[in-house]
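Chain by chain, the residues:
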Amino acid sequence: MKINEINELTTQDLVERLEATVEQLQKMKLNHAITPLENPSQIKLVRRDIARMKTVLRQRELNK
């Protein structure tokens with residue numbers, strides 16, 4: 001997910017998307033521990049998306 005896409009989301013949508021992405025990351029980690037993922041670099045990409053979302057949320061919080 002690009003930063004432009006994240007900035008376009010409302011705060012509520014961003015929080016919901018963040019929760020869903022965190023759950024997705026947990027499932028990916030569990031599945032990877034049991035059987036290796038076809039593309040393990042996906043975990044890194046999801047972690048970065050989570051970090052981007054948290055950064056935008058924090059910026060919005062500070063700008064209020």
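In this report, the structure presented in the accompanying data block is examined.

The rules we used
- Residues numbered from 1 in each chain as written.
- Predicted model: local features only at pLDDT ≥ 70, side-chain atom pairs only at ≥ 80, totals over all residues.
- Heavy atoms only, no water.
- Helix = DSSP H or I, 4+ residues; strand = E, 2+ residues; numbered from the N terminus.
- Expected span 1.5 Å × (residues − 1).
- Contact = heavy atoms within 4.5 Å.
- Salt bridge = Lys/Arg side-chain N within 4 Å of Asp/Glu carboxyl O.

### Considering helix α2 (residues 11-34)
Because each turn of an α-helix spans 3.6 residues, side chains separated by three or four positions end up pointing in the same direction. Helix length check: α2, at 24 residues, gives a terminal C-alpha distance of 35 Å against a target of 34 Å (1.5 Å per residue), a fit within 8%. Tucked into the core, α2 has its buried residues touching α1 (3-8) and α3 (41-63).

### Notes on the pattern of salt bridges
Scanning all chains against the criterion turns up two salt bridges. D49 serves as the salt-bridge partner of R52, at 2.8 Å between the closest nitrogen and oxygen. Taken as a pair, R52 and D49 lie in helix α3 at a separation of three residues, close to a single helical turn. Of the charged contacts in the structure, one is a salt bridge between R58 and E61, with a shortest N-O distance of 2.7 Å. Placement of the pair is R58 and E61 together in helix α3, with a separation of three residues, close to one helical turn.

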